[in-house]
Amino acid sequence: YFQKENINTADSTGEFLITLMSSFAEEESRSISENVTWAVRHRYAQGIYYLPGRLLGYTHNRGGEIQVDEVGARVVRFIYLLALSGKSSTDICRILMDYSVFSPGQRQRWEPATVRSILTNEKYTGNALLQKTFVRDHLSKRQVANKGELPQYYATETHPAIIDEATFEAAQEIVRQHAERRRDCARPQRSEFTTKI
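Residues numbered from 1 in each chain as written. Predicted model: local features only at pLDDT ≥ 70, side-chain atom pairs only at ≥ 80, totals over all residues. Heavy atoms only, no water.

## Structural notes on the overall build of the protein
In terms of regular secondary structure, the protein is built from five helices and six strands. Listed N to C, the secondary structure of the protein is α-β-β-α-α-α-β-β-β-β-α in terms of helices and strands. For 197 residues, the compact-globule estimate of 2.2 N^0.38 gives 16 Å, and the protein exceeds it by more than 25% at 24 Å. For the protein, the spread of C-alpha atoms along the three principal axes comes to 70 × 65 × 35 Å. (Helix = DSSP H or I, 4+ residues; strand = E, 2+ residues; numbered from the N terminus. Rg over C-alpha atoms; globule rule 2.2 N^0.38 Å.)

What follows is the structure, given as structure tokens:
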């Protein structure tokens, strides 16, 4: 028995009222989700962007403006320098852990995926690709990668840059080469005896 709503679930009308109220609540949730999604996409279309709270090398001042955190920025530049010298993401992780550099999550352990994320994040150039991910539906709230389902926006000079665009592009080429090598190594080698046994 729900005292506030005066509904008794043992009664058939109570069950109907609960079903009715839950459908109202779901519709309200959907409406709020659509309004928030529209507002975010409208801001993206205008090039208005808010940097996430935890991005290595950046911080927010008291006024909410994005500024470079020089300690983190040095780590980011070091990662790009190592990548441009030909080091793989696994090698970079080992080097960072040897120097006792903390990861963005303030842990001593670095993961290759974290290094690759830093190397492929255009935000370090002072620009931002907006709407890389989106929430598919309001019930699951699960974010999925935007592979052309929605428009993406590229906002330039949204915040101070840590690395220049030429360095970023050179790093992208090296990341692509390492990814191709990983794919080639993961591909099984075929011989005349493959699938015979």
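Having seen the model, we can carry on.
## What to know about helix H4 (residues 112-119)
Within the span of H4, buried status applies to Val115, Ile118 and Leu119. Down the axis of H4, the smallest arc covering the buried residues is 100 degrees, so these residues share one side. (Buried < 20%, exposed > 50% of the residue type's maximum accessible area, 1.4 Å probe, protein only. Arc of directions from axis to C-beta.)

## A few points about the packing of aromatic side chains
Enumeration according to the criterion identifies two aromatic pairs in this entry. Taken together, a centroid distance of 6.1 Å and an interplanar angle of 20 degrees make the contact between tyrosine 58 and tyrosine 124 stacked. Note that tyrosine 58 is positioned in strand S1 (residues 58-60) and tyrosine 124 in the loop between H4 and strand S3 (128-130), a separation of 66 residues in sequence. Note on accessibility: tyrosine 58 and tyrosine 124 belong to one class, buried. Taking the centre distance of 6.0 Å and the plane angle of 80 degrees together, the rings of phenylalanine 78 and tyrosine 99 count as edge-to-face. Separated by 21 residues along the polypeptide, phenylalanine 78 in helix H2 (residues 70-84) and tyrosine 99 in the loop between helix H3 (89-98) and H4 bring together distant segments of the chain. Assessed through its relative accessible area of 27%, phenylalanine 78 is described here as partly exposed. (Phe/Tyr/Trp six-rings, centres within 6.5 Å; stacked < 30°, edge-to-face > 60°.)

## Considering the confidence of the model for the protein
Per-residue pLDDT for the protein has a mean of 84; in total, 92% of the residues score no lower than 70. Confidence scores differ between elements of the protein, with helix H1 (residues 12-45) showing the lowest mean pLDDT of 80 and H2 the highest of 94. (pLDDT = per-residue confidence, 0-100.)

## A word on the pattern of salt bridges
In the structure shown here, the tally under the stated rule is eight salt bridges. In this structure, the salt-bridge partner of arginine 30 is glutamate 27, at a minimum N-O distance of 2.1 Å. Taken together, the positions of arginine 30 and glutamate 27, both in helix H1 and three residues apart, correspond to about one turn of that helix. Take glutamate 27: its relative accessible area is 39%, and that puts it in the partly exposed class. (Salt bridge = Lys/Arg side-chain N within 4 Å of Asp/Glu carboxyl O.)

## Some details on a negative patch on the surface
A cluster of like negative charges, contributed by Glu157, Asp164, Glu165 and Glu169, occupies part of the molecular surface. Structurally, glutamate 165 is set in helix H5 (residues 165-186). (Patch = residues over 30% accessible without salt bridge, like charges linked within 9 Å, V, L, I, M, F, W, Y side chains within 5 Å. Areas by Shrake-Rupley, 256 points an atom, 1.4 Å probe, with all protein chains shown as cover. Lys, Arg positive; Asp, Glu negative; His and termini not counted. Charge placed at Lys NZ, Arg CZ, Asp CG, Glu CD.)

## Here's the deal with a nonpolar patch on the surface
Among the surface-exposed residues, Phe16, Leu17, Leu20 and Phe24 lie close enough to one another that they form a single nonpolar patch of about 390 Å² accessible area. Within the secondary structure layout, phenylalanine 16 lies in helix H1. With relative accessibility at 53%, the residue phenylalanine 16 sits in the exposed group.

## Thoughts on unusual backbone geometry
Backbone geometry at glutamine 131 places phi at a positive 70 degrees, although glycine is not the residue there. Of note, glutamine 131 is situated in the loop between S3 and strand S4 (133-135). Residue glutamine 131 is classed as buried on the basis of its relative accessible area, which comes to 5%. At glutamate 157, a residue that is not glycine, the phi angle is positive and equals roughly 50 degrees. Mapped onto the elements of the fold, glutamate 157 is located in the loop between strand S6 (153-155) and H5. For glutamate 157, a relative accessible area of 72% gives the class exposed.

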